[in-house]
Amino acid sequence: MNPALRLQRALQGWVLLGLLSFVLLPWYFLQQSTLMAALPGVWATAETASGWVQALQHGRPWLWSAALGLGVCTLAVMRPWPARLQGTLLLLGSLTGLLGLLGSGFAIGATGWSFALLESWWGALPVGQYGMGWGAAVTLLSLLVLLGAALARLGGFRGDVFVAAAVVGCTALLVLFVVYPVLRSLVAAWVDDLGAYAWTHLFDRVATERVWGLGCVQGEGRCGVAWNTLWLAFFTATGTTIMGTLLALWAERGGTRLSKPLNILAMLPIITPPFVVGLGLILLFGRAGLFNQALEWAFGIEPGRWFYGVFGIWLAQMFAFTPIAFLIMRGVVQGVSPSMEEAAQTLRASRMKTFWTVTLPLLKPGLANAFLVGFIESMADFGNPIILGGQYAVLSTEIFFAIVGAALDPGMAAALALVLTGFALAVFLVQRRVLSGSSFTTVSGKGDAGVAMALPPAVLRVCRVVAGPWLLFTVVVYLFAFAGGFVQTWGRDFTFTLVHFKTAFDVQQGEFGWVFAGTAWKSLFTTLSLSAMAAPICAGVGLLIAWLLARTEFRGKAAFEFSALLTFAIPGTVLGVSYILAFNVPPVELTGTGLVIVLCFVFRNLPVGVRAGTAAFKQLDRSLDEASQMLRASTLTTLRRVVLPLLKPALVAALVYSFVRSMTTVSAVIFLVTAQYELATTYIIGRVGNGDYGVALAYCTVLMVLMSVITWGIQKLVGERQLGRRATATPAA
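Just so we're clear, the structure is a prediction, and the values are computed from it rather than from any experiment. (Residues numbered from 1 in each chain as written. Predicted model: local features only at pLDDT ≥ 70, side-chain atom pairs only at ≥ 80, totals over all residues. Heavy atoms only, no water.)

With respect to unusual backbone geometry
Going by this rule: To qualify as a helix, a DSSP run of H or I must reach at least 4 residues; to qualify as a strand, a run of E must reach at least 2; elements of each kind are numbered from the N terminus. Relative accessibility under 20% of the residue-type maximum defines a buried residue, over 50% an exposed one, and the middle range a partly exposed one, all with a 1.4 Å probe and only protein chains included.
Following Pro-586, the chain continues into Pro-587 via a peptide bond in cis, with omega recorded as 15°. Phi angles above zero are rare outside glycine, and Phe-157 is one such case at about 55°. Within the secondary structure layout, Phe-157 lies in the loop between helix H7 (134-153) and helix H8 (161-186). Judged by relative accessible area, Phe-157 falls into the partly exposed class, the value being 21%. Within the chain, Arg-158 stands out as a residue other than glycine whose phi angle is a positive 55°. Locating Arg-158 in the fold gives a position in the loop between H7 and H8. For Arg-158, a relative accessible area of 85% gives the class exposed.

So this is what it looks like as structure tokens:
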């Protein structure tokens, strides 16, 4: 089909979709009603009517802006106008619809005007409006795509409509579900108890000894929480990057049959609720842990609380975040071209020199991305510091206590979250500067059937000596967590029992068939369904954003990238509160629904998909894209047929991470769950709070087994990237 005709039909399809959603779908969102239940009422009541009926019969004339905008867009796509004329018409129509709907949405609430000033200007409204529903969402989506098409037809984005629409759409998603809620929360840093705004409020909250104290530098032994957070983040990011790299090199270049077991063991911490790691470490190193008991028995050393503090937090974060570094580095190690290593060895370079001068420099983008993710994850971590921190305070725990503590100071929480955001921005800019001006392309359009160089013996020994004990340590910690669900009472009665599993996951046969009688089934099914919805969306949007960052140039690109990483710099508790503040009132009213939890899952975990995709794209030569486009393939076809098959490691990383973190997250959703949407982690926390550790650990065991199976299924479904290479050489003895 002629590309111009194909584009014309695509634009006509988007205009038709917008018109149909305006006429046939319920315009407002009703939390107690599903879409199918509301469809029969699109021509009836004001609650379920479509946008057309709302404007025509129910006193909401401001919705005519959508019809007017779509009407102008219809004129633009009825015939093949010249590019600039069509672009001008599409721009006029899409902006008319978008500005009219968004302006009225934020200006008009459930009972009328949202601002007293507007009411004094134009008088009271006879009716208000609910939050936007399916009709409004699909109409806005159509208008956003048409806006992107308008920019492309006017000469932007090199005339590529798909790229323009992708940039506009992703920007809208980031603004609505990342920037807007975060700003709603952070703006409280400037507000006093009476609601007045002033810069001095922020200064008074941040410029304190508690935040910036330099006692450790002056020999007093205690730093401010800001410095505590930075030091911990630096050491955690360094440790996880090194350990993740060693594990990836050992698994991919070690020439060992332990490659698959290495992958499984390295993935264990990521499929476990974070407090399970802390509990296992306490059982080992706590005051009554086995390690302290052994010291007392062997040397008479009285048990102490030495483990609680910066060392305990660091060790727990190493367990939690090393798998992320491993997932990122594994894909990067796989992408290193053997031909470059063979060329170095042809020039008589030893394997060790080849590794240091060729292999390791090509891992630079992966190392930088792994360090960035580890640094930001450490800063935003809440679960490990709250359990193991002792007297070592960090910003995330300070924010939590400011929100739920006796002081109840949301302004202080917002001010500290602003400090965290500044730290994240700084490390992001440093990472960009380190990687700027360098090329790391290793996968090009040329054939590459070389044999990947085996690790030099010295490097392999380092991997075995450092990563081997770490993996054994991982097994020990998880054996403790696994065994806790099979004993009567840990620490007192070690009698084997299955009563905890029966309490949580009992299945009985009743009068009407099999019944899920266990108390944990509802939370498990809810968590599985919401996580399964969030994972593919998170992976798809993350890799799309990574492709836009790697392959396109547009104004505001740096701000676009930072927006995609912003949710990692914000503690989960702050993100949850931000979603409540932003989505508890019109125009987007989602609080109390499963949809707001899915959205929180998606955008909380989005940065891992972006960083994994960015590291992978830096290894793919642009000639692959250009060759496909020279053969008259569209950008979408090039992505689907050429680029995506080469991104399988990044896709696996994004899918696995987003799914398992959605299953195990705590802080981000603790304020969003309801009785109808109870999650696995909130159920476990409730059991721990009641002292029922056996049921909690039994549930954790089921989660670990279930997520291991699902992770294996995702890897099998996606498959491995095929680069036409022979088997890796076996290392010399």
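With respect to helix H17 (residues 351-362)
Definition in use: Here the expected span of a helix is defined as 1.5 Å times the quantity of residues minus one. Contacts are residue-level and defined by heavy atoms, with any inter-residue pair within 4.5 Å sufficient.
Its 12 residues give H17 an end-to-end C-alpha distance of 15 Å, which sits within 8% of 16 Å, the value for a rise of 1.5 Å per residue. Where H17 is buried, its residues touch helix H11 (225-253), helix H15 (310-335), helix H16 (338-346), helix H18 (364-380) and helix H22 (457-483).

Let's talk about the packing of aromatic side chains
As a reminder, the rule being used: Ring geometry is summarised as follows: Phe, Tyr and Trp rings, the Trp one being its six-membered ring, pair when their centres sit within 6.5 Å, and such pairs are stacked at plane angles under 30 degrees, edge-to-face over 60 and tilted between the two.
Going through the model one piece at a time under the given rule, you end up with 40 aromatic pairs. Measuring from centroid to centroid gives 6.1 Å for Trp-212 and Phe-423, while their planes differ by 85°, and the two rings are edge-to-face. Linking Trp-212 in helix H10 (residues 209-212) with Phe-423 in helix H21 (residues 410-435), this pair joins segments that are 211 residues apart in sequence. In this structure Phe-423 comes out as buried when scored by relative accessible area, which is 13%.

Digging into the side chain of Gln-8
Here Gln-8 shows up in helix H1 (residues 3-24). With relative accessibility at 10%, the residue Gln-8 sits in the buried group.

Details of the nonpolar core
We count it as follows: We call a set of buried residues a nonpolar core when its members are Ala, Val, Leu, Ile, Met, Phe, Trp, Tyr or Cys and they connect through side-chain atoms within 4.5 Å of each other.
Membership of the largest hydrophobic core comes to 179 residues, with the highest contact counts inside it found for Leu-281, Ile-545, Tyr-579, Phe-583 and Tyr-699. Sequence-distant contacts of Leu-281, defined by excluding residues within four places in its chain, comprise Gly-286, Phe-307, Leu-315, Ala-316, Phe-319, Leu-388, Phe-473 and Val-477. If you look at the next biggest cluster of nonpolar residues, it comprises 33 residues, including Leu-11, Ala-66, Leu-140 and Ala-152.

Description of the packing of helix H5 (residues 83-107) against H7
Under the convention used in this document: Note on geometry: axes are lines fitted to C-alpha atoms, helical ones only across the stretch in contact, with angles between N-to-C directions running from 0 to 180 degrees. Here a crossing is called left-handed whenever its near helix is offset anticlockwise from the far helix by less than a right angle, and right-handed whenever the offset is clockwise. Amino acid classes used here: Ala, Val, Leu, Ile, Met, Phe, Trp, Tyr, Cys and Pro are nonpolar; Asp, Glu, Lys and Arg are charged; the rest, including Gly, are polar.
In the contact formed by H5 and H7, the axes pass within 8 Å of each other and the chain directions differ by 150°. Relative to H7, the crossing made by H5 is left-handed. Of the residues contributing to the contact of H5 with H7, the split by class is 15 nonpolar, 6 polar and 2 charged.

Here we look at H11
Between its terminal C-alpha atoms H11 stretches 41 Å, which fits the 42 Å expected from 29 residues at 1.5 Å a residue. With 22 of its 29 residues buried, H11 lies for the most part within the structure. Gly-255 occupies a position one or two residues after H11 and carries a positive phi of about 60°.

A few points about the pattern of salt bridges
Rules: A carboxyl oxygen of Asp or Glu within 4 Å of a side-chain nitrogen of Lys or Arg is what we treat as a salt bridge.
This model, assessed by the stated rule, comprises 5 salt bridges. With a shortest N-O distance of 2.9 Å, Arg-687 and Asp-692 are connected by a salt bridge.

Examining empty space enclosed by the protein
Threshold: In the cavity and pocket records, a cavity denotes points on a 1 Å grid over the protein atoms alone where a 1.4 Å probe fits but cannot get out, a pocket denotes an open set with protein on both sides within 12 Å along at least 5 of 7 lines, and lining residues are residues with an atom within 4 Å of a point. Grid points are joined across faces, edges and corners, and a volume is the space filled by probe spheres set on the points.
Inspection of every chain in the model, using the stated rule, returns 5 cavities of 30 Å³ or more. Space inside the second largest cavity adds up to approximately 60 Å³. Lining the second largest cavity, in full, are Trp-27, Tyr-28, Trp-62, Leu-63, Leu-101, Ser-104, Gly-105, Gln-129, Tyr-130, Met-132 and Pro-587. For the lining of the second largest cavity, the per-class residue count stands at 8 nonpolar, 3 polar and no charged.

A look at the pairing of strand E3 (residues 507-510)
Heads up, the condition is: Pairing between strands is defined by DSSP: at least two bridges between the two strands are required.
Sheet analysis places E3 next to strand E4 (residues 513-516), joined by 4 bridges and oriented antiparallel. Residue Gln-509 lies in a different strand from E4, and its bridge partner there is Trp-514. Where E3 folds back on E4, the antiparallel hairpin that results is connected by 2 residues.

Focus: the confidence of the model for the protein
Close inspection of predicted coordinates is inappropriate for parts of the model with low pLDDT. What counts, and what does not: By definition, pLDDT measures how confident the predictor is in each residue, and it falls between 0 and 100.
Per-residue confidence for the protein averages 83 on the pLDDT scale, and 90% of its residues sit at or above 70. Low pLDDT (under 50) marks residues 728-733, which in the prediction has 15 contacts with non-local residues, meaning those over four places away or in another chain.

Considerations on a nonpolar patch on the surface
The test is simple: Patch membership needs two things, relative accessible area over 30% and no salt bridge, and members are linked within 9 Å if like-charged or within 5 Å if nonpolar (Val, Leu, Ile, Met, Phe, Trp, Tyr). Computed with the Shrake-Rupley method and a 1.4 Å probe, the accessible areas treat only the protein chains shown as cover for residues.
Among the surface-exposed residues, Leu-16, Leu-20, Leu-24, Trp-43, Trp-52, Leu-56 and Trp-64 lie close enough to one another that they form a single nonpolar patch of about 690 Å² accessible area. At the level of elements, H1 and helix H3 (51-57) are the ones that each hand at least two residues to the nonpolar patch. When residues of the nonpolar patch are assigned to their parent elements, the largest contribution, 3 residues, is made by H1. On the secondary structure map, Leu-24 appears in helix H1.

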